[in-house]
Amino acid sequence: MTAVDAIGGHARERTGGPAPALPAPRGPVTALLFRRLAGAPDGRALHLDVTGADLGDADFQLALFACYELHYRGFAGVDERWEWDPALLAARAVLERHLEELLAREVPMPPLEGARDVRRVLTALAADDRGPSVSAFLAQRAGREQFGEFVVHRSIYHLKEADPHTWAIPRLAGGPKAALVEIQADEYGGGRTERMHSELFRATMRGLGLDDSYGAYLGRVPGITLAISNAMSLFGLHRRLRGALAGHLAALEMTSSLPNRRYAQGLRRLGGDAGTARFYDEHVQADAVHEQIAAHDLCAALAADEPALAADIVFGAACALELERLWAGYVLARWERGDTSLCRLP
Ligand SMILES: [Fe+2]
Ligand SMILES: [Fe+2]
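This is a predicted model, so every value here is computed, not measured.

1. What to know about the side chain of Q184
So, step 1. Relative to the elements of secondary structure, Q184 occurs in helix α9 (residues 174–187).
So, step 2. Taking the relative accessible area as the measure of exposure, Q184 reaches 2% and is therefore buried.
So, step 3. Setting aside anything within four residues of it in sequence, one finds Q184 in contact with A162, H165, T166, I169 and L249.

What follows is the structure in structure tokens.
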């Protein structure tokens, strides 16, 4: 049995257009939003009420994800004018305010002694490995089915890997801009399609018998998986949050090498071939370098240029790490009791 059989999906042929279909709604908020997106923008207000939703609320997170996705690939059958429709943007602002409030409340912030302290705090945050380790589980214990689930969760981000952080390029200047471009150039394969990290990830998906088309599993992942991507898009799409976006990227890069080594190890233990493991092998090497560029040339330099952004840089990093911890707790709790970490098909 392939991983994809085990999680109830089925590989479908790539049939042209890069835009995925809208997934099934996950509650009243997405039901209303998707109903409106099925028609043309018509000037009517759109009221999305997410009062009381927590970070893992799938209805809330999928609604925000769908609003953001209009700025990436869009959705098949959804009018592209929705991207800048004032009613949609007003509704999105309500969701974003809620996400920002949740992150401010739930994410612990370490003490920071001014802009010159940013590098030290980032290093301390990245070194804090308390909390459940999905990478250790995958290296040593996971079955092929669980590895497939892990890849499905990650596909939500990795199939557009680097895109959310690219929003910051025009918002930075000088050294921090050059540092970000250097990292992003690697993420995009130095201009070679087959070396783009999103393409390497598609090879991983195919190697596991999974559907590698963009957005194929949007309807199968829990709210906390979507929250990880939504935080990146929130930071990416608001210039005022450029510090948080830089810190977010640094946290990813600084905590990447070791887990990716473990992912590759787990994949080989389960019989994965070189092409399937290449995405992870590549990150062991690349992120050992990116880590230095992101922490020093991007974040420390940005804090020196714009000291007012120092706390935001740390906040972005703390958000990345806390969401990852929450996600790991969610996934491992389900695996430990022999359950799937994905959502069952309706
Ligand atoms: Fe990458
Ligand atoms: Fe990287």
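Anyway, onward from the coordinates.
2. Observations regarding the coordination of the iron ion (ligand 1)
Six octahedral donors around a metal ideally subtend angles of 90 or 180 degrees, whereas four tetrahedral donors ideally subtend 109.5 degrees.
So, step 1. In this structure, E161 (OE), E187 (OE), H197 (ND1) and H283 (NE2) serve as the protein donors to the iron ion (ligand 1), at separations of 1.8 to 2.1 Å.
So, step 2. Considering all four donor atoms around the iron ion (ligand 1), angles at the metal cover 81 to 167° and the coordination shape is irregular.
So, step 3. In primary sequence terms, the donor set of the iron ion (ligand 1) follows E-x25-E-x9-H-x85-H.
So, step 4. Between the iron ion (ligand 1) and the iron ion (ligand 2), both coordinated by E187, there is a metal-metal distance of 4.1 Å. Remark: H283 occurs in helix α14 (residues 274–305) and E161 occurs in the loop between α7 (144–158) and α8 (163–166); sequence separation between them is 122 residues.

3. Some details on the coordination of the iron ion (ligand 2)
So, step 1. Those protein atoms acting as donors to the iron ion (ligand 2) are E187 (OE), E253 (OE), E253 (OE), D287 (OD) and H290 (ND1), and they sit at 2.1 to 2.5 Å.
So, step 2. All donors to the iron ion (ligand 2) come from one chain, and their sequence spacing reads E-x65-E-x33-D-x2-H.

4. Some remarks on helix α11 (residues 223–237)
So, step 1. For α11, with 15 residues, the first-to-last C-alpha span of 20 Å sits near the 21 Å given by 1.5 Å per residue.
So, step 2. When you tally the buried positions in α11, you get 15 out of 15 residues, the bulk of the element.

5. Quick word on the packing of helix α5 (residues 118–127) against α14
So, step 1. The geometry of α5 relative to α14 is characterised by a closest axis approach of 9 Å and an angle of 140° between their N-to-C directions. Accordingly, the angle class assigned to the pair α5 and α14 is oblique. Note on packing geometry: the crossing formed by α5 with α14 is right-handed. Residues V118, R119 and L122 of α5 pack against Q292, A295, H296, C299, A300 and A303 of α14.
So, step 2. A class-by-class count of the residues in the contact of α5 with α14 yields six nonpolar, two polar and one charged.

6. Remarks on the nonpolar core
So, step 1. In this structure, L33, L103, F147, F150, V151, F235 and Y280 are the most contacted members of the largest nonpolar core, which totals 105 residues.
So, step 2. The leading source of residues in this core is helix α15 (residues 310–336), at 15 residues.
So, step 3. Filtering out sequence-adjacent residues up to four positions away, L33 remains in contact with L46, L48, A63, A66, C67 and L88.

7. Digging into the state of the cysteines
So, step 1. Tallied over the full model, the rule gives zero disulfides.
So, step 2. Cysteine C299 shares no disulfide, and the gap to the nearest cysteine sulfur, in C319, comes to 13 Å.
So, step 3. The exposure class of C299 is buried, given its relative accessible area of 0%.
So, step 4. The exposure class of C319 is buried, given its relative accessible area of 0%.

Basis of the calculations
- Residues numbered from 1 in each chain as written.
- Chains lettered and ligands numbered in written order.
- Predicted model: local features only at pLDDT ≥ 70, side-chain atom pairs only at ≥ 80, totals over all residues.
- Heavy atoms only, no water.
- Helix = DSSP H or I, 4+ residues; strand = E, 2+ residues; numbered from the N terminus.
- Buried < 20%, exposed > 50% of the residue type's maximum accessible area, 1.4 Å probe, protein only.
- Contact = heavy atoms within 4.5 Å.
- Donors = N, O, S within 2.8 Å, 3.2 Å for Na, K, Ca; no water.
- Tetrahedral: all angles 85-135°; square planar, octahedral: opposite > 155°, others 65-115°.
- Expected span 1.5 Å × (residues − 1).
- Axes fitted to C-alpha atoms, helices over the stretch in contact; angles between N-to-C directions.
- Parallel < 35°, antiparallel > 145°, perpendicular 65-115°, else oblique.
- Left-handed = near helix turned anticlockwise from the far one by under 90°.
- Nonpolar A, V, L, I, M, F, W, Y, C, P; charged D, E, K, R; others polar.
- Core = buried A, V, L, I, M, F, W, Y, C linked by side-chain atoms within 4.5 Å.
- Disulfide = S-S within 2.5 Å.

Shape descriptors only; they carry no functional weight alone.
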